[in-house]
Amino acid sequence: MFDLKVIEARIEKHEKLLDGIQNKIKDMRNDFNEIYSELEIKDDHYYAIHLEEKKELTEKIRSRLSVYDLLRETAETIRTQTKNDMQLVFEELQKRQYHLDS
């Protein structure tokens, strides 16, 4: 048996969270483009002389990739939970066992 209100509340929360993740990923895409542009402006010879600058840019990329991985993992967890919720709703509706709060 399941409570449809609980599932609806969880879905609304997840939709807001996914909107936030989507916005953050868009921002990160812009950040990556800026970093890559900065990397492409200068050649390998420049970075051979200015190792610290290249290390800083590489670390920026690495830290943003870590955040991206966490966001992707969170989105995947939400997708799995939503799929499980919908499967439960389907199965319970098939059995006609459900609880609705009015």
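A few points on the structure.

### Examining the environment of Asp 19
Phase 1: Turning to its location among the elements, Asp 19 is positioned in helix α1 (residues 4-41).
Phase 2: According to the relative accessible area criterion, Asp 19 is partly exposed, its value standing at 44%.
Phase 3: C-alpha of Asp 19 to C-alpha of Ser 37: the two residues are 18 residues apart in sequence and 27 Å apart in space.

### Details of the packing of aromatic side chains
Phase 1: Under the definition given, this model contains two aromatic pairs.
Phase 2: With centroids separated by 6.1 Å and ring planes inclined at 20°, the aromatic side chains of Phe 32 and Tyr 36 adopt a geometry described as stacked. Here Tyr 36 and Phe 32 lie together in helix α1, a separation of four residues that amounts to about one turn.
Phase 3: Look at Tyr 36 and you get partly exposed, because its relative accessible area is 40%.
Phase 4: Aromatic pair Tyr 46 and Tyr 47: ring centres 5.4 Å apart, planes at 80°, arrangement edge-to-face.

### Details of the pattern of salt bridges
Phase 1: Overall, the coordinates contain six salt bridges when judged by the stated rule.
Phase 2: For Arg 64, the salt bridge goes to Asp 31, with nearest N and O atoms at 3.6 Å. Placement of the pair is Arg 64 in helix α3 (residues 51-95) and Asp 31 in helix α1, with a sequence separation of 33 residues.
Phase 3: Residue class for Asp 31 comes out partly exposed when judged on its relative accessible area of 27%.
Phase 4: Note that Glu 59 and Arg 62 form a salt bridge whose closest N and O atoms lie 3.2 Å from each other. In this pair, Glu 59 and Arg 62 both sit in helix α3, three residues apart, roughly one turn of the helix.
Phase 5: Overall, the relative accessible area of 41% leaves Glu 59 in the partly exposed class.

Analysis parameters
Residues numbered from 1 in each chain as written. Predicted model: local features only at pLDDT ≥ 70, side-chain atom pairs only at ≥ 80, totals over all residues. Heavy atoms only, no water. Helix = DSSP H or I, 4+ residues; strand = E, 2+ residues; numbered from the N terminus. Buried < 20%, exposed > 50% of the residue type's maximum accessible area, 1.4 Å probe, protein only. Phe/Tyr/Trp six-rings, centres within 6.5 Å; stacked < 30°, edge-to-face > 60°. Salt bridge = Lys/Arg side-chain N within 4 Å of Asp/Glu carboxyl O.

In short, geometric facts, not functional conclusions.
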